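Okay, here's what each chain looks like letter by letter:
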Amino acid sequence: MTSRHPETLALHAGWRRDSATTSVAVPIYQTSSYQFDSTEHAANLFGLKELGNIYTRIMNPTTDVLEKRLAAVEGGVAALALSSGQAASAFSVQNLARAGDNVVSSTDLYGGTWNLFANTLKDQGIEVRFVDPQDPEAFARATDDRTRAYYAETLPNPKLIPFPIAEVAAIGRRFGIPLIMDNTAAPLLVRPFEHGAAVVMYSTTKYIGGHGTSIGGVVIDGGNFDWEAHPQRQPALNTPDPSYHGAVWSQAVKPLGPIAYILKMRVTLLRDLGAAMSPFNAFLFLQGLETLPLRMREHSRNASAVANFLANRKDVTRVIHPEHHTGLGAERSAKYLPHGQGGLVGFELAGGAEAGRTFIDALKLFYHVANIGDARSLAIHPASTTHSQLTDSEQIATGVTPGYVRLSIGLEHIDDILSDLAQALDAAKA
Ligand SMILES: *Cc1c(COP(=O)(O)O)cnc(C)c1O
């Protein structure tokens, strides 16, 4: 299947029909438990001598199809679905870094990830060192003997400047450090594994679900990182795990393929911390995934038209969109987003924060919600909402100015989108 295209894989990978009923649609296996064939079978499953269903906290047949399909669409080897994007971010780091270790991350992050990294992981003894993604070499400078991973978002809002994936992945590979990419804002548009990333994670809540119905996340293993070659650098995968009779993951998993990273995450972090995706949500994400390629094209087309419309308005001082960058931002957009720029558009109003609030309140078609990637058009004022838990200087560091408005452009007819924006802009001017 791997030679097929993402449009085809999104519909077919990981499933043909139900073996018991011949059902073509993936059934929702709403069960917590699975009957073992024998005591020997049960012992083999628990001992990982055989892979199979034990308990839905660890795996589920509906969720398994979603995981296989997402891994195939992304070009990875295996995936782990989780209860939220936040769980995916946390697990992607905790799978490698332990108390006393550190991770180097881009400053340009989703607000929730920032809080996780700056506060909760810190409380757990994992230091996250934030560096400016303008300069890829900043990752090398922040690296020391206890750096276990690099972390960044592909198309971080509010700046919407693509991250230098290939540049930073190459630096990491010199040290034996994998690059983890949060690709939530640009599924299919950017393929981080092709640029050298080792791990890709998503909040499936956004474009993959696509309809604003469910919270979920996924971590995908690229299978392209040689953990065993870096025993000192990557102790979590190269030292005996007392919770599995001293298994060394990079070696124990070898017969199953290059899936040590993601298998360890399933059988230790998911087992112990329990952030499992429900089978029902996995079913909904499968429905979303079927039309993801179509939707990303249309989101990109509509957002591009909105950015051009805003650029021609006198009351808009700045448009933030990959096609409207200059200098380094324009170079990175050309390199990483040649086939569509995604659904996000930012802008700043001449009237500042007050005009921003009036604009949001005047919208009739756009929803005012803390989400992106819905089929419907959405708007928010980040300084007073998504980024409000950050200090003023942290807000500026992540690129949120007081008058900044973020739009997530949906799939409505472009004329209706533009007319709602025009009337709300006029209201904000009055
Ligand atoms: C929403 C989001 C997350 C967190 O995902 P949840 O599903 O809300 O937990 C992480 N990263 C990015 C880029 C996001 O947009």
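None of these values were measured; they are calculated from a predicted model.

## Description of the overall build of the protein
Right, on to step 1. For the protein, the helix and strand inventory stands at 16 helices and 12 strands.
Right, on to step 2. Considering only C-alpha atoms, the protein reaches an extent of 75 × 55 × 35 Å along its principal axes.
Right, on to step 3. Across the 430 residues of the protein, 58% fall into the buried class.
Right, on to step 4. Long-range contacts, defined here as pairs at least 24 residues apart, represent 72% of the contacts in the protein between residues at least 6 apart.
Right, on to step 5. Distance between charge centroids for the protein: 2 Å, based on 36 positive and 42 negative side chains.

## Remarks on the site of the ligand
Right, on to step 1. Residues in contact with the ligand amount to 13 residues; listed here are only the nearest, Gln86, Asp182, Ser203, Thr205 and Lys206.
Right, on to step 2. A distance of 2.9 Å is found between an oxygen atom of the ligand and a backbone nitrogen or oxygen belonging to Gly85.
Right, on to step 3. At a separation of 2.7 Å, a nitrogen atom of the ligand approaches a polar side-chain atom of Asp182.
Right, on to step 4. Bound to the protein, the ligand loses 92% of the 380 Å² it would expose on its own.
Right, on to step 5. Of the residues contributing to the shell around the ligand, the split by class is 3 nonpolar, 7 polar and 3 charged.

## Looking at the side chain of Thr147
Right, on to step 1. Of note, Thr147 is situated in strand β4 (residues 147–153).
Right, on to step 2. Using a relative accessible area of 0% as the deciding quantity, one classes Thr147 as buried.
Right, on to step 3. In this structure the side chain of Thr147 is engaged in a polar contact, spanning 2.6 Å, whose partner is the side chain of Asn102.
Right, on to step 4. At 2.9 Å, the side chain of Thr147 forms a polar contact with the backbone nitrogen of Asp144.
Right, on to step 5. Those residues within four positions of Thr147 in sequence are excluded, and the remaining contacts are Asn102, Val104, Arg129, Ala142, Ile177 and Arg233.

## Looking at the nonpolar core
Right, on to step 1. In terms of nonpolar packing, the biggest core is built from 56 residues, with Leu66, Tyr150, Phe163, Ile165, Leu179 and Ile220 touching the most fellow members.
Right, on to step 2. The element that contributes the greatest number of residues to this core is helix α3 (residues 61–74), accounting for 5 residues.
Right, on to step 3. Once you skip the residues sitting within four places of it in the chain, Tyr150 turns out to touch Val104, Phe139, Ala140, Thr143, Val168, Ile171, Gly172, Phe175, Ile177, Pro178, Leu179 and Ile180.
Right, on to step 4. Judged by nonpolar contacts, the second largest core, of 44 residues, contains Ala78, Ala87, Ile259 and Leu270.

## Remarks on the domain arrangement of the protein
In many analyses, interface size is given as the accessible surface area lost on bringing the parts together.
Right, on to step 1. Split into domains, the protein comes out as domain 1 (6–287) and domain 2 (293–429).
Right, on to step 2. One C-alpha centre belongs to domain 1, the other to domain 2, and the line joining them spans 29 Å.
Right, on to step 3. Listed per partner, the contact involves 38 residues of domain 1 and 43 residues of domain 2.
Right, on to step 4. Interface area, domain 1 with domain 2, both sides summed: about 3300 Å², of which 62% is carbon and sulfur.
Right, on to step 5. Broken down residue by residue, the surface that domain 1 buries against domain 2 is led by Pro158, Leu189 and Tyr207, which jointly contribute 23%.

## Regarding the packing of helix α4 (residues 85–94) against helix α10 (residues 260–273)
The geometry of a pair of packed helices is captured by two quantities: the angle between their axes and the separation between those axes.
Right, on to step 1. In contact at an axis separation of 10 Å, α4 and α10 are set at 115° when each is read in the N-to-C sense. Every pair of crossing elements has a handedness; the one defined by α4 and α10 is right-handed. Contacts between α4 and α10 involve Phe91, Ser92 and Gln94 on the former and, on the latter, Tyr261, Met265, Leu269, Leu270 and Leu273.
Right, on to step 2. Looking at side-chain class alone, the contact of α4 with α10 contains 6 nonpolar, 2 polar and no charged residues.

## Side note on the UniProt feature "modified residue: N6-(pyridoxal phosphate)lysine" (unreviewed entry) in the protein
Right, on to step 1. Mapped onto the present numbering, the UniProt feature "modified residue: N6-(pyridoxal phosphate)lysine" (unreviewed entry) falls on Lys206.
Right, on to step 2. Its place among the elements puts Lys206 in the loop between β6 (199–203) and β7 (217–221).

Quick notes on the rules
- Numbers given for residues are sequential positions, taken from 1 along each chain in its written order.
- Local features in this predicted model are restricted to residues whose pLDDT is 70 or higher, and side-chain atom pairs enter the listing and the counts only when it is 80 or higher, whereas totals over whole chains, interfaces and linings include all residues.
- The side-chain values count all of the structure's non-hydrogen atoms but skip hydrogen atoms and water molecules.
- Secondary structure elements follow DSSP: runs of H or I no shorter than four residues count as helices, runs of E no shorter than two count as strands, and numbering proceeds from the N terminus.
- Burial classes follow relative accessibility: with a 1.4 Å probe on protein chains only, a residue under 20% of its type's maximum area counts as buried, one over 50% as exposed, and anything between as partly exposed.
- Two residues qualify as a contact provided that any one of their heavy atoms is within 4.5 Å of a heavy atom in the partner residue.
- Counting rule applied: Lys, Arg positive; Asp, Glu negative; His and chain ends not counted.
- We put the charge of a Lys on NZ, of an Arg on CZ, of an Asp on CG and of a Glu on CD.
- Summary of the distance rule: residues count as near a molecule or strand when at least one heavy atom falls within 4 Å of that molecule or strand.
- Any pair of nitrogen or oxygen atoms within 3.5 Å is treated as a polar contact; in protein, a donor-acceptor pairing is required on top of that, and neighbouring residues in sequence qualify only through side-chain atoms on both sides.
- Note on areas: these come from Shrake-Rupley sampling with a 1.4 Å probe, and a residue is covered only by the protein chains present in the view.
- Polarity classes work like this: nonpolar for Ala, Val, Leu, Ile, Met, Phe, Trp, Tyr, Cys and Pro, charged for Asp, Glu, Lys and Arg, and polar for all others, with Gly in that last group.
- Throughout, nonpolar core names a set of buried Ala, Val, Leu, Ile, Met, Phe, Trp, Tyr and Cys residues whose side chains join them through atoms within 4.5 Å.
- As used throughout, domain bounds are those supplied by an automatic or database domain assignment.
- Put simply, buried area is how much 1.4 Å-probe accessible surface two parts lose in total, over both of them, once they are put together.
- Lines fitted to the C-alpha atoms define the axes, with helices restricted to the stretch that makes contact. Angles between their N-to-C directions range from 0 to 180 degrees.
- Crossings are sorted by hand: turned counterclockwise from the far helix by less than a right angle, the near helix makes the crossing left-handed, and turned clockwise it makes it right-handed.
- UniProt positions are given in the numbering used here, feature names are shortened, and annotations may be inferred rather than shown by experiment.

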